[in-house]
Amino acid sequence: MELHREQALELPTARATVAAAAAALLLAAPAALAAPTTPVYDSNGNPIAVPFVPQDKPLPASMTEEQAIRVVMRFPKVADWVSRYPAKSLTKEATLDDDTGVWDVNVWSSLPDAGQIVEAKVEDSTTRVTEAWTGPQVAWKMARGYNGAFGRSINDSWIWLSFCAVFLLGLADFRRPLSVRNLDLAVLLSFSFSLYYFNEGRVFTAMPIVYPPLLYLLGRMIWIGARGRGSVTPPIWSAWLLLAATVFLMGFRVGLNVESSNVIDVGLASVDGAQRIAGEGEMPYGHMPDDTGKACGPADSDGYVREHIQTNGRCESSNGRGDTYGPVAYLGYIPAYAVVGFDGKWNGGSSTWAGLPAAHLASVLWDALAVIGLGLLGLRFGGRLLGATLAFAWAAYPFTQYVSSSNSNDAIMPVLLIWGLLLVTSPPGRGIFVALAAWTKFAALLLLPLWASYPDWRSFGRGKLTYLGGVLLGTALSFWILLLEPGPLHAARLFWDRTFGWQLSRSSPFSIWDWNQYPSFPDLHNVQTALKLVVLLGALLVYFVPPRKNVIQLGALTAAILIGFELVLTHWFYLYIPWFFPFVAFAVLAPAVRSVEEAEPAPSGPEHERELPELVPTG
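What you see is a predicted model, and the numbers here were worked out from it, not measured in a lab.

Thresholds applied
Residues numbered from 1 in each chain as written. Predicted model: local features only at pLDDT ≥ 70, side-chain atom pairs only at ≥ 80, totals over all residues. Heavy atoms only, no water. Helix = DSSP H or I, 4+ residues; strand = E, 2+ residues; numbered from the N terminus. Buried < 20%, exposed > 50% of the residue type's maximum accessible area, 1.4 Å probe, protein only. Contact = heavy atoms within 4.5 Å. Areas by Shrake-Rupley, 256 points an atom, 1.4 Å probe, with all protein chains shown as cover. Phe/Tyr/Trp six-rings, centres within 6.5 Å; stacked < 30°, edge-to-face > 60°. Salt bridge = Lys/Arg side-chain N within 4 Å of Asp/Glu carboxyl O.

Quick rundown of the overall build of the protein chain? Include the residues and the values.
Looking only at helices and strands, one finds 24 helices and eight strands in the protein chain. Counting all 619 residues of the protein chain, 49% fall into the buried class. Counted over contacts in the protein chain with a minimum sequence separation of 6, partners at least 24 positions apart contribute 70%. Of the roughly 29000 Å² that the protein chain leaves accessible, carbon and sulfur atoms contribute 65%.

Set out below in structure tokens:
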């Protein structure tokens, strides 16, 4: 009974409360219709009404399409480039991105092979041009000079210049400042000027200034190759000091790779190939991940989605043209892939090991093999001092770190040649390593005649046959991956199409040879073709001249052929400098020895290096 009375007392109270609330709402309705412009608080300081915030809507454009185009066309860089094209050949377009308030302005030319010639962005609210790409920068993002796009921190001026200073400090002849040796070292570092302009996005300035140092080094290598003489003075530092510096530098290089480098598409391609061979049991050619499957990743700033579902069912970063290298470029990454694996994803912008660990590990391993190989090469043919000097030269040279920090596969070919030169007196060993190098980067194919001629092309017999056997064995060790496919002959044709077939017709702005696609530049294709024939004939000529060769001559002429090859390349890049660097260093830093034509031994004494019999062939 008491409970019912309590309920009876509460019900009227509840009805009264509801009625009062309804009355309050009715009285407040007119005020609610006029939304407050500032927060409203009750007597206790609690907010009871806040201003109404309307949903964001795109602001009306402050410029028209024609105005956005005019702003871009007046931009000095764009105006200078577009003036090269007939006005009647131009097509212009501008579109506004409502989300960002930025106009995308594009210009095309109807001239043959011209295509899009301008890509720019303009802020609608400020009419400020935030990006302006012209000429090769439109199609080639690597020509835009993005900060640290290749190698990240190695491009920092203090790091780069520190490498240059250490390189000169350890190797220069300070007793004779105007010596040829010092000039050689300065020329090796002079590629830095070209790289500076490349990093500024000034391709048309960067590329031409590559050729003078290449030509100088070519001449020097031919000169040393003809005379068979190396350096006349050793470094001023002891072998132990150079060795200690090398150990320190290698630690710094590894740290730089791990903490502040990036993996470019070349490194991604090599890991992709290793994964296809070791993980999928198929050759890389024709099986690289592409962007034809279903998208499975985010879009980049340009709206491009790199990650797609592949035929193996994995979500992988596409790299459809990654199968353009020799098979050893992929086989050389299998150990790193076996240790750390690969999930198929690539974060090219990552500046740490996490970006693609297999590529980082492979770069560190091949970098170490280069230093060890050069140390042993110098130790064999010049003693401890030359061994320490050559190892130091690789560790201190900034362009070898440029390869390591870019995590590309460009150290593999020179490393294989270094170890082949170390085994120079073994014809089959020499043949195996030159073949492996040739099936990494095809430039080394030009070395086959030269390396066959050592020590004397006139001596036919077992040595020549075993060298040929080594070349065939090295080729077999490279191309066994074709047997992974159901039809090896079809696989071989696919290999040709994806490598030589594509590279021989490749267009590129990264040399002077293909600039005729841009107005006001001459057509140099005929000159390039003539020089290609000269390089090919030169690669054959060095089989016969000189008839007898010592190891210094073999190293110098190896460098000369590789430099000649790079001089006529349509697509040249700074990562290719380490292809020839070890052999230039060996030729200019190895102790002076008598020429093979001399009958008398070289003079001995404090002012001369002792003759090293290993450098002079005996038969």
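An account of unusual backbone geometry is requested, with residue identities and associated values reported.
Of note, the amide linkage connecting Tyr-454 to Pro-455 takes the cis form, showing an omega dihedral of -5°. Locating Pro-455 in the fold gives a position in the loop between α18 (448-452) and α19 (462-479). For the bond running from Val-545 to Pro-546, omega is -10°, close enough to zero to count as cis. Its location among the elements puts Pro-546 in the loop between α22 (525-541) and α23 (551-567). Residues other than glycine seldom take positive phi values, yet Asn-407 does so here, at roughly 55°. Here Asn-407 shows up in the loop between α15 (398-406) and α16 (412-422). Accessibility expressed as a relative area gives 0% for Asn-407, which makes it buried. We note that Ser-520 has phi near 80°; this positive angle belongs to a residue other than glycine. Looking at the element boundaries, Ser-520 is found in the loop between α21 (500-503) and α22.

If you had to explain the packing of aromatic side chains to someone new, which residues and values would you point to?
Enumeration according to the criterion identifies 44 aromatic pairs in this entry. Between Phe-204 and Phe-521, the ring centres sit 4.7 Å apart and the planes meet at 20°, which makes this aromatic pair stacked. Here the residue Phe-204 occupies a position in helix α8 (residues 203-206), and Phe-521 occupies one in the loop between α21 and α22, the gap between them amounting to 317 residues. Aromatic side chains Phe-399 and Tyr-402 sit 6.4 Å apart centroid to centroid with 65° between the ring planes, which places their arrangement in the edge-to-face category. Of this pair, Phe-399 and Tyr-402 both sit in helix α15, three residues apart, roughly one helical turn. The same class applies to Phe-399 and to Tyr-402, which are both buried.

Describe the pattern of salt bridges, and please don't skip the residues or the numbers.
It is possible for side chains bearing opposite charge to pair when their charged atoms get close. Summed over all chains, the structure comprises 14 salt bridges. With a shortest N-O distance of 2.7 Å, Arg-220 and Asp-184 are connected by a salt bridge. A residue pair is termed long-range when its members are at least 10 positions apart, and Arg-220 in helix α9 (residues 211-227) and Asp-184 in helix α6 (residues 180-189) qualify at 36 residues. Taken together, the shared-partner salt bridges in this structure form one network comprising Arg-276, Glu-282, Arg-314 and Glu-316.

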